[in-house]
Amino acid sequence: MSEALLKNVQEMLNEEKWTRATLSNYSTNQFKELDLILKEALEARVYDDLKKNCDEHLVHTKNSIIALYLSGMIALSRQIIDDAALINLVTIFVDNHKWSIVRYLCDRILDYGESKFALRTLIDCYKNDNQEEAIYGIWERIVKVDLEEADMAKSLGDYFEAQGDTETAVDYYKKALHRYINKQLFTNVKELWEKLLGYCPEDIDFFLHVEKKIARNISEDKAVLLLQDVYASCRKRDDINTAISILKLILQYDERDNQARKEIVDCFRKKYAPHSQLEEYIRVSNLSPHASHWRNVHEAITDFEKHIAFDKGNFVYHRTWGVGRIASVKGDEIVIDFAKKREHAMSLKMAINALQTLSKNHIWVLKATQKREKLHERIKNDFSWALKTVIKSFDNACDIKRIKGELVPSVLSMGEWTTWSAKSREILKTDPAFGVSPENIDIYTVRERPISIEEKLFNEFKAERNFFDRVETLRNYVAQKEAELDSEYFTDMLGYFTGYLRSPSQINEQVLASYLLIKDLMGAYPHLGAAVSLNFLDIFNAIEDIPALFSNLKDTKLREAFLHHIKLFIPQWADEYVQLFPYALFNSIILNLEKEGHEAKLVSMVVSCFEKYRDYKEAVVWLFKNSKETPWFKKAGISEEKQLITLIHIMDITYRDIENHRDTAENRKINKQVYTLLFKEGLLYTFIDAADPDTIIRIYAFISDVKDLDPTDKFRLRNRILDKYPNFKFFGDVEKTVITRGLMVTSGMYEEKQRQLAHIMEVEVPANSKEIAFALSLGDLRENAEYKAAKEKQEILNATVAKLKDEIERAQLFDPGTINTNRVSFGTRVTLVNYANGAKEEYTILGPWESDPEHRIISYLSPLGGALLNKSPGEQVDFSIHDEKVSYMVESITAVSF
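Since the model is a prediction, treat every value here as computed from it, not as a measurement.

(A) Quick peek at the overall build of the protein. Looking only at helices and strands, the protein features 44 helices and 14 strands. Since a compact globule built from 898 residues should have a radius of gyration of about 29 Å, the 39 Å found for the protein marks it as more spread out than a globular shape. Taken along its principal axes, the extent of the C-alpha atoms in the protein is 125 × 100 × 45 Å. Here the protein holds 898 residues, and the buried ones make up 47% of them. Taking all contacts inside the protein whose residues are at least 6 apart in sequence as the whole, residues at least 24 apart take part in 58%. Placing the 121 positive and 139 negative side-chain charges of the protein at their respective mean positions leaves the two points 3 Å apart.

The structure is reproduced here in structure tokens:
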């Protein structure tokens, strides 16, 4: 069927060429017949062959209608960027005024997604048919796919304004405004700015966002000109706070703008009209443009705002005395009531320098003035209010760490914080009342006006500093149910990635990731392909180090897309897959190689990974876990003993890398996987059970060399060997070497040490900090006995904490199940007979934490404990203490009951 189909099309092409069929003979029916051929070719899986034949035909017959259509439609269905064939075809019929065919062709193109060319051509069709009303619908579609089209967006705004649909009109006016700014057409920008200021004067965030863009793309002078319109609108609406903010912004552009300076003084007078010291503070700060001494406006504003905050009834904070309330302000003297220092008087100048003014809703004020139980109840249950309160308390910019510091432990316990913070993070992420700082995504802010999820994501995108975090944010934006891909937010975000694709000097991970991301988005939004001029083959051939670049793609979806493109477009894809596997570890690589019959490549890949296990640690573990039962793995001929020894080597290497702080997270992950395979899943024990003594000697030698392995696991393995071979001889003083690196402890004592550390950190250290703060408030540190005592205690606490943390970090929990009473070891009770006098002595062998010599509990690290280790019943123990030599015989060994 496939050969017949291709032959039939070839005959059609030849007939078209020989008969020189005229355009007048074509109608939409001929193209419908060609569509049936395309359907048959798809079902027969000869799409590529059909396109190849048509492309070859077009080389010498460039205006072949049949070849242009078939080749163009196949390219369109495959999302191939080159659409020259269909553009050429449509242009031929437009030039000959065959509008019904033009419309059919445009509709067919649009079946595969929006196309700027097809949509603009449809407008000509509608104009020819006098369907003026239908043109508006096409304009809407063009504005969505052509992110530079401004005039149509503006015309749509005019159209909907005339229809009385103000909301839609404003939306289009905003789109047009952004696009005119990009084109630097200020006259158009000003016209739309004034129109929008009339329709949505309170949307200050929008105007401020646009103003920054105008200053950057056009000029700062033009931005100031438009800000003056916003200021006038605010004054008209009596929105004094926003008016002051706008004036501050204007003065940032030109600090010598006397008119703006005069206006801000007027605004301050209106805002602080009831303040008893208003005029005096304006005078002393030299804020007025007509002041006797000229002063930098920004310094004057800062000085004025510091002064104006000091008025009767306002709250202040002193670093020693805490929160206080201003009792009175008389001339240059201010009187403050602190909790520990009532009616404290100081000069206004000193107050400005020494005190921090607080709003009545500041979290410090609330903690100082409200009962703890009441505040605790509200903060615990009203997450949004609590978050807003804390964030606003610190210049409307707070991270999670600061929020925690303000609430724990003064209001919430550590246990309550764990649950509370999880819920709060979700609120910060989803609640439109919260946003993030454009400079730092970890800093949260409270919005005066609710923010849309799209704008919230856009702000997060701007705040992100990591390229791949921005990739994920763009995905999240597109995933929104009603995400607007023609919005300014999406345009800016997409522009960030398309910027990497404009004539790149080299192909790095950002260029490759941008290409793959946009190609992925094209699956749902084909029109985005207009931003991509590169093709994958050229990109791939320009990559200098493919494995290194792949490793730098810090996004799983992009890695999968890269592998998919390699298989689609690179002829030697199988070799590339084998090269990438140690870095990719994707099961899809294995499945594709298996499916396409590349068993030999898989076998060589396994051999290579095991031979280079130091470089391919994670690949070896992956193959062992997922593929060791496959035929191609077995054909690699790697014995079970060699597989286990390789895993033991990897475990040892990762332990050392962790100790040296080299790729710690990755090595911890690999180490945990190997440990689980060997010990938790019992592969090592199973192998030992079936192995001969010589093999066991080799395996145990490698295990004993892994210095950082938990001694408990070594004991357990040793006991397993002794269960099978009771007379097995271990070479060297194995047990002594394996337990000296760690600190073996019982679970009960481990928990007790953790409780001690927690008590010091949560109770004693905070109490000591308060003692130091109180001592500082007494002044004159040279004669301050309380301060010296508190600092000495601080040093003792710090030393104790450091010691406990070190011991806890080195602690290795003892497993009672590993006790073997054939030899003296941790967790055993040994009865000794003194050769000198025949007396019997009993000792329990535990660790330094449990040591209690008075009750004959000794540490395995003590001189006697160390001498006893590994001894069996009947063996002699020689021990020296205070230059006196004592000899014992081990009579019996029993297990300690835990």
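Past the structure itself, the notes keep going.
(B) Summary view of the side chain of asparagine 667. One can find asparagine 667 in helix H37 (residues 664-680). Judged by relative accessible area, asparagine 667 falls into the buried class, the value being 3%. Leave out the neighbours within four places in its chain, and asparagine 667 touches Lys617, Thr654, Asp657, Ile658 and Arg662.

(C) Just the sheet that holds strand E11 (residues 840-846), in detail. If you trace the five strands from one edge of the open sheet to the other, you get E12-E11-E10-E14-E13, paired in mixed fashion. Of all the strands in the sheet, just strand E12 (857-859) and strand E13 (876-881) have a single pairing partner and so form its edges. Going from strand to strand, the sheet's axes swing by 45° on average, the running direction of each strand aside. Inspection of the sheet shows E11 paired to E12 by three bridges, in the parallel sense. Opposite leucine 846, over in E12, you have serine 859 as the bridge partner.

(D) Just the packing of helix H12 (residues 204-217) against helix H14 (residues 240-253), in detail. Look at H12 against H14: their axes get within 12 Å of each other, and the N-to-C directions meet at 5°. By the angle between their directions, the pair H12 and H14 is classed as roughly parallel. Between H12, through Ile204, Leu208, Glu211 and Ala215, and H14, the contact on the second element is made entirely by Thr242, Ile246, Leu249 and Tyr253. Of the residues assigned to the contact of H12 with H14, the class counts are six nonpolar, one polar and one charged.

(E) Structural context of the nonpolar core. Counting residues in hydrophobic clusters, the biggest one holds 117 residues, and the most contacted among them are Phe31, Tyr69 and Phe310. In this structure, phenylalanine 310 is in contact with His275, Tyr281, Val316, Ile326, Val329, Ile334, Leu348, Ala351, Ile352, Leu355 and Thr357, ignoring residues within four places of it in sequence. Ile589, Ala636, Ile650 and Ile670 belong to the second largest nonpolar core, which has 100 residues in total.

(F) Expanded view of helix H3 (residues 47-60). Among the residues of H3, those classed as buried are Tyr47, Leu50, Lys51, Cys54, His57 and Leu58. The arc enclosing the buried residues of H3, seen along the axis, measures out at 125°, which places them on a common side. Set apart from the buried face of H3 by more than 90 degrees, the exposed residues are Asp48, Lys52, Val59 and His60.

(G) View of the state of the cysteines. In this structure the tally under the stated criterion is zero disulfides. A disulfide-free cysteine, cysteine 200 has its sulfur positioned 12 Å from the sulfur of cysteine 234, the nearest such atom.

(H) A negative patch on the surface, seen in detail. Together, Glu220, Asp221, Asp254 and Glu255 line one region of the surface with negative charge. Take glutamate 255: it is sitting in the loop between H14 and helix H15 (258-271).

(I) Representation of the packing of aromatic side chains. The tally for this structure, following the rule as stated, stands at 43 aromatic pairs. Taken together, the ring pairs in this structure connect Tyr515, Phe536, Phe540, Phe550, Phe562, Phe569 and Phe586 into an aromatic cluster. For the cation-ring pair, arginine 378 lies above tryptophan 385, with the distance from its terminal atom to the ring centre recorded as 3.9 Å.

(J) Broad picture of the pattern of salt bridges. Counted by the stated rule, this structure contains 46 salt bridges. The residue lysine 154 makes a salt bridge to aspartate 158 at a minimum N-O spacing of 2.9 Å. Of the two residues, lysine 154 and aspartate 158 both sit in helix H9 (residues 151-162), four residues apart, roughly one turn of that helix. Across the salt bridge formed by arginine 237 and aspartate 239, the nearest N and O atoms sit 3.9 Å from each other. Classification of arginine 237 as partly exposed rests on a relative accessible area of 28%. Members of the salt-bridge network, linked through shared partners, are Asp35, Arg108 and Asp111.

(K) The sheet that holds strand E1 (residues 315-318), seen in detail. In space, the five strands of this open sheet follow the order E4-E3-E2-E1-E5, with antiparallel pairing throughout. This sheet does not close on itself; its edge strands, each paired only once, are strand E4 (344-347) and strand E5 (356-358). Here the average twist between neighbouring strands, direction ignored, is 40°.

(L) Representation of the pairing of E11 within the structure. Where burial is concerned, most of E11 is hidden: five out of the seven residues are buried. Bridge analysis of strand E10 (residues 828-834) against E11 gives six bridges, and the strand direction is antiparallel. Looking at the pairing, arginine 829 lines up with threonine 844 of E11. As consecutive antiparallel partners, E10 and E11 are separated by five residues, and within that stretch glycine 838 has a phi angle of approximately 80°, a positive value.

(M) Quick look at the packing of helix H34 (residues 617-627) against helix H36 (residues 640-659). It is at 10 Å that the axes of H34 and H36 come closest, and there the two elements cross at 140°. Looking at the two axes, H34 sits oblique to H36. Handedness of the crossing formed by H34 with H36: left-handed. Residues Lys617, Val620, Val621 and Phe624 of H34 form the contact with H36, whose own contacting residues are Gln643, Thr646, Leu647, Ile650, Ile653, Thr654 and Asp657. The class makeup of the residues in the contact of H34 with H36 is six nonpolar, three polar and two charged.

(N) Molecular detail of the environment of alanine 153. If you trace the backbone, alanine 153 turns up in helix H9. According to the relative accessible area criterion, alanine 153 is buried, its value standing at 0%. C-alpha of alanine 153 to C-alpha of isoleucine 142: the two residues are eleven residues apart in sequence and 9.0 Å apart in space. In contact with alanine 153, other than residues within four places in its own chain, are Val143, Tyr172, Lys175 and Ala176.

(O) Structural view of H12. Across its 14 residues, H12 extends 20 Å between first and last C-alpha, which sits within 8% of the 20 Å expected from 1.5 Å per residue. For H12, the full list of buried residues reads Ile204, Phe206, Phe207, Val210, Glu211, Lys213, Ile214 and Ala215. Each element contacted by the buried residues of H12 is listed here: helix H10 (166-182), helix H11 (186-199), helix H13 (220-236), H14 and helix H26 (488-498).

(P) Structural context of the confidence of the model for the protein. When pLDDT is averaged along the protein, the result is 89, and 96% of the positions lie at 70 or above. A low-confidence stretch, residues 732-741 stays under pLDDT 50, and its non-local contacts, those more than four residues away or across chains, total 22 contacts.

(Q) Local environment of the pairing of E10. For E10, the buried fraction is high: six of the seven residues fall into the buried class. The sheet contact formed by E10 and strand E14 (residues 884-895) spans seven bridges and is antiparallel. Paired with threonine 828 across the bridge in E14 is alanine 895.

(R) Focus on the side chain of serine 424. Relative to the assigned elements, serine 424 resides in helix H23 (residues 414-430). On the basis of relative accessible area, serine 424 is assigned to the buried category, the value being 2%. Not counting residues within four places of it along the chain, the set of residues in contact with serine 424 comprises Phe383 and Leu387.

(S) Representation of unusual backbone geometry. Omega for the bond connecting valine 408 with proline 409 falls within 30 degrees of zero, at 0°, which places this linkage in the cis form. Along the chain, proline 409 falls in the loop between helix H22 (400-407) and H23. Positioned with a positive phi, glutamine 184 is a non-glycine residue whose angle comes to about 60°. As for its placement among the helices and strands, glutamine 184 is situated in the loop between H10 and H11.

Reading the values: rules and limits
- Residues numbered from 1 in each chain as written.
- Predicted model: local features only at pLDDT ≥ 70, side-chain atom pairs only at ≥ 80, totals over all residues.
- Heavy atoms only, no water.
- Helix = DSSP H or I, 4+ residues; strand = E, 2+ residues; numbered from the N terminus.
- Rg over C-alpha atoms; globule rule 2.2 N^0.38 Å.
- Buried < 20%, exposed > 50% of the residue type's maximum accessible area, 1.4 Å probe, protein only.
- Contact = heavy atoms within 4.5 Å.
- Lys, Arg positive; Asp, Glu negative; His and termini not counted.
- Charge placed at Lys NZ, Arg CZ, Asp CG, Glu CD.
- Pairing = 2+ DSSP bridges.
- Axes fitted to C-alpha atoms, helices over the stretch in contact; angles between N-to-C directions.
- Parallel < 35°, antiparallel > 145°, perpendicular 65-115°, else oblique.
- Nonpolar A, V, L, I, M, F, W, Y, C, P; charged D, E, K, R; others polar.
- Core = buried A, V, L, I, M, F, W, Y, C linked by side-chain atoms within 4.5 Å.
- Arc of directions from axis to C-beta.
- Disulfide = S-S within 2.5 Å.
- Patch = residues over 30% accessible without salt bridge, like charges linked within 9 Å, V, L, I, M, F, W, Y side chains within 5 Å.
- Areas by Shrake-Rupley, 256 points an atom, 1.4 Å probe, with all protein chains shown as cover.
- Salt bridge = Lys/Arg side-chain N within 4 Å of Asp/Glu carboxyl O.
- Phe/Tyr/Trp six-rings, centres within 6.5 Å; stacked < 30°, edge-to-face > 60°.
- Lys NZ or Arg CZ within 6 Å of the ring centre and 35° of its normal.
- Left-handed = near helix turned anticlockwise from the far one by under 90°.
- Expected span 1.5 Å × (residues − 1).
- pLDDT = per-residue confidence, 0-100.

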